[in-house]
Amino acid sequence: MAEVEPLVPASGVGFAPLNHTADRQGALAAHYRALAQPSGPVGLPRMIRSTAAMTDLLLKALPATLLKLGVDAVIADSVEPAGALVAQHLRLPFVTAVTGLPLHREPMVPPPFLGWAYRPDAVGRNRNHGGYAVSDLLMRPITRLVSDYARRWDLDPHRRDRWSERLQIAQCPAALDFPRTGLPTSFRYGSRWRSPEPSDNLPQDNDRPLVFCSLGSLQGARRSLFAALTAACAAVGARAVVAHGGGLRDDEAASLPGNPLVRAFWSQTQILPRCSAAILHCGFNTVLDALAAGVPIVAVPLAFEQPATAARLRRIGAACVLSPAEIRRGALEPALKRVLSDPGYREAARVLASDMALAGGATEAAAAVEAALYGEGATPARVA
């Protein structure tokens, strides 16, 4: 999408916009608006319809674009089926990038958008089976679309997933995920994919512990929730460091209680090591940044895969999990006190930090991608 060009690094990476019709030029902004209200009887179907429309746009525009560029291989995100389907259609080698939780179905693993605990007994398996059935029903607008294109391109229209048989590379650490027994041999766990961040003018607050507070870029406009977070931090003797992703106006940011430090964005890899805890909506990248810094978490999942990520954090002991409703009932202050005072939470986060430090991150992932696509020692050409 042309709108994302500013996000692409200026050096070493080429950019080519999709050639789609003029009436879809604002599709990405409209999609973000749908993602910002992803739940409820109106929001959830609207989000799924918007996601299907985005997949349709990609399926229409990608083939011609990749052929024009002379692309040799594809790295396709596991959440968006268009990349893999178009690669199969054009007979291009591809690998799957798993940027969040692994999506593979297993009887003992709950669907990756639900905050259910890991339960390997018969009750858990039956519960998971029902969850997947409901998920399949809700996702029919997308699966039907993908099946129609597969049929049109003489591919298997009944195939549920289209992940690479060469390599599925994840930034999820193995220790964070639920136990699994059915992952394919092409799947590899890893650790966060991070580029070094520029130096930042970071706060010094020696009198009070710092608590990093983030609801992500899509949910960053929730001023009332941020106010509850910053007030709870002040109540336990801490100072909130708020990243609102551009969701708050200047006057809203200035009105937050507790004298918090507020910016649209912070250099997370630099600020989190200075924090004693984090209150997060459980967006996957920020969770990995917190764990890499050995920072314990109060998890407040809001949508998408966030409840499932929170359930995994609770299982390993690195987080206390609350719902927005529990926060409204006053549960945040005691939960934050517990995370700050109980060393078990920080120790669990530090164990993950040690595992992640050994996993190689983006450099190791890139080497695995090159090896899978071109063989050891080969240099790739044009990868989309």
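The structure we're discussing is the one just above.
Residues numbered from 1 in each chain as written. Predicted model: local features only at pLDDT ≥ 70, side-chain atom pairs only at ≥ 80, totals over all residues. Heavy atoms only, no water.

**Some remarks on the overall build of the protein chain**
Argument step 1. The secondary structure content of the protein chain amounts to 14 helices and 10 strands.
Argument step 2. Rg of the C-alpha trace for the protein chain: 21 Å, near the compact-globule value of 21 Å for 384 residues, within the 12% margin.
Argument step 3. Reported as C-alpha extents along the three principal axes, the dimensions of the protein chain are approximately 65 × 50 × 45 Å.
Argument step 4. For the protein chain, the proportion of its 384 residues judged to be buried stands at 46%.
Argument step 5. Carbon and sulfur atoms make up 54% of the accessible area of the protein chain, which amounts to about 18,400 Å² in all.
Argument step 6. Of note, the protein chain has its 40 positive side-chain charges centred 5 Å away from the centre of its 33 negative side-chain charges. (Helix = DSSP H or I, 4+ residues; strand = E, 2+ residues; numbered from the N terminus. Rg over C-alpha atoms; globule rule 2.2 N^0.38 Å. Buried < 20%, exposed > 50% of the residue type's maximum accessible area, 1.4 Å probe, protein only. Areas by Shrake-Rupley, 256 points an atom, 1.4 Å probe, with all protein chains shown as cover. Lys, Arg positive; Asp, Glu negative; His and termini not counted. Charge placed at Lys NZ, Arg CZ, Asp CG, Glu CD.)

**Regarding the state of the cysteines**
Argument step 1. Across all of its chains, the model carries zero disulfides by this definition.
Argument step 2. Just so you know, Cys320 is unpaired, no disulfide at all, and the nearest cysteine sulfur is the one on Cys282, 11 Å from it.
Argument step 3. Of the residues examined, Cys320 reaches a relative accessible area of 8% and is grouped as buried. (Disulfide = S-S within 2.5 Å.)

**Brief notes about the environment of Asp207**
Argument step 1. Position of Asp207 relative to the elements: it lies in the loop between strand S4 (187-188) and strand S5 (210-214).
Argument step 2. Remark: the alpha-carbon pair of Asp207 and Arg239, spanning 32 residues in sequence, is separated by 9.4 Å.

**Points about the sheet that holds strand S7 (residues 261-263)**
Argument step 1. Taken in spatial order, the six strands make up an open sheet running S7-S6-S5-S8-S9-S10, and their pairing is parallel. In this open sheet, the two edge strands, each paired with only one partner strand, are S7 and strand S10 (319-321). Between one strand axis and the next, the sheet turns by 15° as a mean value, whatever way the strands run.
Argument step 2. Relative to strand S8 (residues 277-280), S5 runs parallel, the two sharing four bridges. Bridge pairing in S8 places Val211 opposite Ala277. (Pairing = 2+ DSSP bridges. Axes fitted to C-alpha atoms, helices over the stretch in contact; angles between N-to-C directions.)

**Quick notes on the pairing of S5**
Argument step 1. With five of five residues buried, S5 is to be regarded as a mostly interior element.
Argument step 2. Here S5 shows two buried faces, one formed by Leu210, Phe212 and Ser214 and the other by Val211 and Cys213.
Argument step 3. Where S5 meets strand S6 (residues 239-243), five bridges bridge the pair, whose relative direction is parallel. Opposite Phe212, over in S6, you have Val241 as the bridge partner.
Argument step 4. Handedness of the crossover joining S5 and S6 through helix H6 (residues 223-235) is recorded here as right-handed. (Right-handed = clockwise from strand over helix to strand, strands pointing away.)

**As for the pattern of salt bridges**
Argument step 1. A full pass over the atoms with the stated rule returns 15 salt bridges.
Argument step 2. One salt bridge connects Lys60 with Asp56, and the closest N-O pair in it is separated by 3.3 Å. Of this pair, Lys60 and Asp56 both sit in helix H2 (residues 40-69), four residues apart, which is roughly one turn of the helix.
Argument step 3. In this structure, Glu333 engages Lys337 in a salt bridge whose closest nitrogen and oxygen atoms are separated by 3.8 Å. One end of the pair, Glu333, and the other, Lys337, are both in helix H12 (residues 332-341), four residues apart, so they sit about a helical turn from each other.
Argument step 4. With a relative accessible area of 43%, Lys337 lands in the partly exposed category. (Salt bridge = Lys/Arg side-chain N within 4 Å of Asp/Glu carboxyl O.)

**Some remarks on the packing of aromatic side chains**
Argument step 1. The full count for this structure, using the stated rule, is three aromatic pairs.
Argument step 2. Seen in terms of ring centroids, Tyr118 and Phe178 are 5.5 Å apart; in terms of plane orientation they differ by 40°. Their pairing is tilted. Separated by 60 residues along the polypeptide, Tyr118 in the loop between strand S2 (94-98) and helix H4 (122-138) and Phe178 in the loop between strand S3 (168-170) and S4 bring together distant segments of the chain.
Argument step 3. Residue classification places Phe178 among the buried positions, given a relative accessible area of 2%.
Argument step 4. When the ring centre of Tyr149 is taken as origin, the NZ or CZ atom of Arg152, which lies over that ring, is 4.3 Å away. (Phe/Tyr/Trp six-rings, centres within 6.5 Å; stacked < 30°, edge-to-face > 60°. Lys NZ or Arg CZ within 6 Å of the ring centre and 35° of its normal.)

Purely geometric numbers; function is a separate question.
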